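The primary structure of each chain is shown beneath.
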Amino acid sequence: TARLNGLIAATYTPMNTDGDLELAQVAPLVERLLDDGVQGLYVCGSTGEGMSLSTAERKATTEAFITANAGRVPLIVQVGHNSLADARDLAQHAAQAGADIVSATCPSYFKANDIPTLVECIADIAAAAPNTPFYYYHIPGMTGSTIDIVRLLEAGIEQVPNLVGLKYTDTKLFEFQACQAVADGKLDIVFGCDEMLLGALATGATAAIGSTYNVIAPIYLRIIEAFVKNDLTAAREEQMRSIEFIRLMNTYPFHSGIKEMLRLQGVPMGRCRLPQQQLTSEQCSTLKQDLQDLGL
Ligand code: HMN
């Protein structure tokens, strides 16, 4: 089994101004994240535009991150795909390339509408890398899945031998807590909503995966530190800084904005691919000012 701890960055995939992969930029990003205190890398997730990359590009991106990380922190590869054959291929590739953990969303164009069918999909992907720990990726806002995640976990624990974790990306803290109760120490339940980290810590979270850990990890480390010391006033203040930041970024094309922020911080990531919008040059200048106004 695998157990994740602390902040896991859902990594950006570096591209050039045409939107082609620029994998030479992976190493500087990884160094920056590890320097910032990030304790894991989640590759080709939503943040990494995994679903907007071809299968060959996903494999190349995976290999670049594995090489740059060189085994220093746990590395998770997201392999979800509407084609289960491609998902299996990506899972097998990730395991052979040296990923520590494989993770996947369910197919989401056609949806698995009942628990046995969804478990069958998960088992199919997880079995392609049978000796590698598997984390199911629950992100209903993107997949449109309406399956009860708590009941899914109960079935998954029984039927998928290498299912050892869940990446829970939703805002229902009561459900996140129920997932931890059902997991009962057998599964690692990881939180995916950066703006609610403090609430998640209160329910027992010990690890979180997210996009904003690429740029403002120190704020979240202070939340964890203050929470551990039982200084909730300080923890709330730091969480509020994250909330203000995320509210600001939501006034821009979100991930393109964070890629621009990384460029301002000396780690150029290029643009995002369609259908995500690019920042206009006007937005690039206002973003720079807005970040300064937030003290970032
Ligand atoms: C990934 O797969 O890239 C993520 O870990 C996704 C992550 O959970 C993000 N959630 C969504 O994109 C829905 C969060 O980091 C999110 O960007 C953040 O909480 C700001 O809203």
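Here the residue numbers are simple positions, counted from 1 along each chain's written sequence. Confidence filtering applies because this is a predicted model: local features only for residues at pLDDT of at least 70, side-chain atom pairs given and counted only at 80 or more, and all residues used for totals across whole chains, interfaces and linings. In computing side-chain values, all of the structure's heavy atoms are included and hydrogens and water are not.

Caption draft 1: Region of interest: the overall build of the protein chain. From N to C terminus, the protein chain includes 12 helices and eight strands. The globule rule used for comparison is 2.2 Å times the number of residues to the exponent 0.38, while the radius of gyration itself is calculated over C-alpha atoms. Taken against the 2.2 N^0.38 rule, which gives 19 Å for 296 residues, the C-alpha radius of gyration of the protein chain at 18 Å falls within 12% of a compact globule. C-alpha atoms of the protein chain, sized along the principal axes, occupy 50 × 45 × 35 Å. Three labels apply to residues, based on accessible area from a 1.4 Å probe with only protein chains included: buried if under 20% of the type maximum, exposed if over 50%, partly exposed otherwise in between. In the protein chain, which comprises 296 residues, the proportion classed as buried is 54%. Here, residues are in contact when the closest pair of their heavy atoms is within 4.5 Å. For the protein chain, contacts bridging at least 24 residues in sequence account for 74% of all contacts bridging at least 6. Of the roughly 12,600 Å² of accessible surface on the protein chain, 51% is carried by carbon and sulfur atoms. The way it works is that DSSP assigns letters per residue, a run of H or I at least four long becomes a helix, a run of E at least two long becomes a strand, and they are numbered from the N terminus. Using the Shrake-Rupley algorithm and a 1.4 Å probe, accessible areas are obtained, with residue cover drawn only from the displayed protein chains.

Caption draft 2: Spotlight on the pattern of salt bridges. Every case where a carboxyl oxygen of Asp or Glu lies within 4 Å of a side-chain nitrogen of Lys or Arg is listed as a salt bridge. In the structure shown here, the tally under the stated rule is 12 salt bridges. Across the salt bridge formed by Glu31 and Arg72, the nearest N and O atoms sit 2.6 Å from each other. Note that Glu31 is positioned in helix α1 (residues 26-35) and Arg72 in the loop between α2 (55-69) and β3 (75-78), a separation of 41 residues in sequence. Judged by relative accessible area, Glu31 falls into the partly exposed class, the value being 34%. What makes Arg72 partly exposed here is its relative accessible area of 42%. Of the charged contacts, one joins Asp124 and Arg88 as a salt bridge, the two residues approaching to 2.7 Å between their closest N and O atoms. You can see Asp124 sitting in helix α4 (residues 115-126) and its partner Arg88 sitting in helix α3 (residues 84-97), a full 36 residues away along the chain. Taking relative accessible area as the criterion, Asp124 reaches 26% and is therefore assigned partly exposed. Because the salt bridges share partners, they merge into one network encompassing Arg222, Glu238 and Arg241.

Caption draft 3: Geometry of α3. Here the expected span of a helix is defined as 1.5 Å times the quantity of residues minus one. For α3, spanning 14 residues, the distance from its first C-alpha to its last is 20 Å, which sits close to the expected 20 Å at 1.5 Å a residue. Along α3, the residues that are buried comprise Ala87, Leu90, Ala91, His93 and Ala94. An end-on view of α3 places all buried positions within 165 degrees of arc, on one side of the element. At the exit of α3 stands Gly98, carrying a positive phi of roughly 110 degrees. The directions from the helix axis to the C-beta atoms form the arc being described.

Caption draft 4: Local environment of the side chain of Ser256. Inspection of the secondary structure puts Ser256 in helix α11 (residues 254-264). Exposure remark for Ser256: the relative accessible area of 6% places this residue in the buried category. Once residues within four sequence positions are removed from consideration, Ser256 is found in contact with Cys272, Gln277, Gln278 and Leu279.

Caption draft 5: Molecular detail of the state of the cysteines. The disulfide criterion used throughout: a pair of cysteine sulfur atoms within 2.5 Å. Counted according to the given criterion, the structure contains zero disulfides. In this structure Cys121 is a free cysteine whose sulfur lies 7.4 Å from that of Cys106, the closest cysteine sulfur available. Owing to a relative accessible area of 12%, Cys121 belongs among the buried residues under this scheme. The thiol of Cys193 is unpaired, and the distance to the nearest cysteine sulfur, on Cys179, comes to 14 Å.

Caption draft 6: Structural context of the packing of aromatic side chains. Ring pairs are drawn from Phe, Tyr and Trp, using the six-membered ring of Trp, whenever the two centres fall within 6.5 Å, and their geometry is named by plane angle: stacked under 30 degrees, edge-to-face over 60, tilted for the rest. Counted according to the given criterion, the structure contains six aromatic pairs. Between Tyr213 and Tyr220, the aromatic rings sit 4.6 Å apart at their centres with planes inclined by 80 degrees, giving edge-to-face as the arrangement. What makes Tyr213 buried here is its relative accessible area of 0%. Relative accessible area serves as the criterion here: at 0%, Tyr220 is assigned to the buried category. Through a chain of ring-to-ring contacts, three or more aromatic side chains come together here, namely Tyr168, Phe176 and Phe191.

Caption draft 7: Spotlight on the packing of α1 against α2. Axis angles are defined between N-to-C directions and span 0 to 180 degrees, where every axis is a line fitted to C-alpha atoms and, for a helix, only to the segment in contact. Between α1 and α2, the shortest axis-to-axis distance is 9 Å and the interhelical angle comes to 50 degrees. By the criterion of interaxial angle, the relationship of α1 to α2 is oblique. In the packing of α1 onto α2, the handedness of the crossing is right-handed. Where α1 approaches α2, its residues Val26, Ala27, Leu29, Val30, Glu31 and Leu34 are matched on the opposing element by Ala64, Phe65, Ala68 and Asn69. Here is the rule for angles: anything less than 35 degrees is roughly parallel, anything more than 145 is roughly antiparallel, 65 through 115 is roughly perpendicular, and the remaining ranges are oblique. For any helix crossing, the convention is left-handed if the near helix is rotated counterclockwise from the far helix by under a right angle, and right-handed if that rotation is clockwise.

Caption draft 8: Structural view of α2. If you check α2, its first and last C-alpha atoms are 21 Å apart, about what 15 residues at 1.5 Å a residue would give, namely 21 Å. Along α2, the positions that sit buried rather than exposed are Thr55, Glu57, Arg58, Thr61, Thr62, Ala64, Phe65, Ile66, Ala68 and Asn69. In this structure, the buried side of α2 is in contact with α1, β2 (41-43), β3 and α3. At the exit of α2 stands Ala70, carrying a positive phi of roughly 50 degrees.

Caption draft 9: Layout of the site of the ligand. Close contacts around the ligand come from 18 residues, with Thr47, Tyr137, Lys167, Gly192 and Glu195 the closest. Under the rule applied, a polar contact is a pair of N or O atoms within 3.5 Å (in protein, one hydrogen donor and one hydrogen acceptor; residues adjacent in sequence only if both atoms are side-chain atoms). Separating an oxygen atom of the ligand from a backbone N or O atom of Ser46 is a distance of 2.9 Å. A distance of 2.6 Å is found between an oxygen atom of the ligand and a backbone nitrogen or oxygen belonging to Gly192. Across the complex, the protein chains shield 87% of the 500 Å² of accessible surface that the ligand would expose by itself. Mapping the ligand onto the cavity grids shows that it belongs to the largest pocket. Its residues placed into classes, the shell around the ligand shows eight nonpolar, seven polar and three charged. We call a residue near a molecule or strand as soon as one heavy atom of that residue lies within 4 Å of the molecule or strand. Only protein atoms enter the 1 Å grid used here, on which a cavity is any set of points holding a 1.4 Å probe that cannot leave and a pocket is any open set flanked by protein within 12 Å on both sides along at least five of seven lines; residues with an atom within 4 Å of a point are listed as lining. Just a note on the criterion: a molecule sits in a pocket or cavity if more than half of its atoms are within 2 Å of the grid points. Polarity classes work like this: nonpolar for Ala, Val, Leu, Ile, Met, Phe, Trp, Tyr, Cys and Pro, charged for Asp, Glu, Lys and Arg, and polar for all others, with Gly in that last group.

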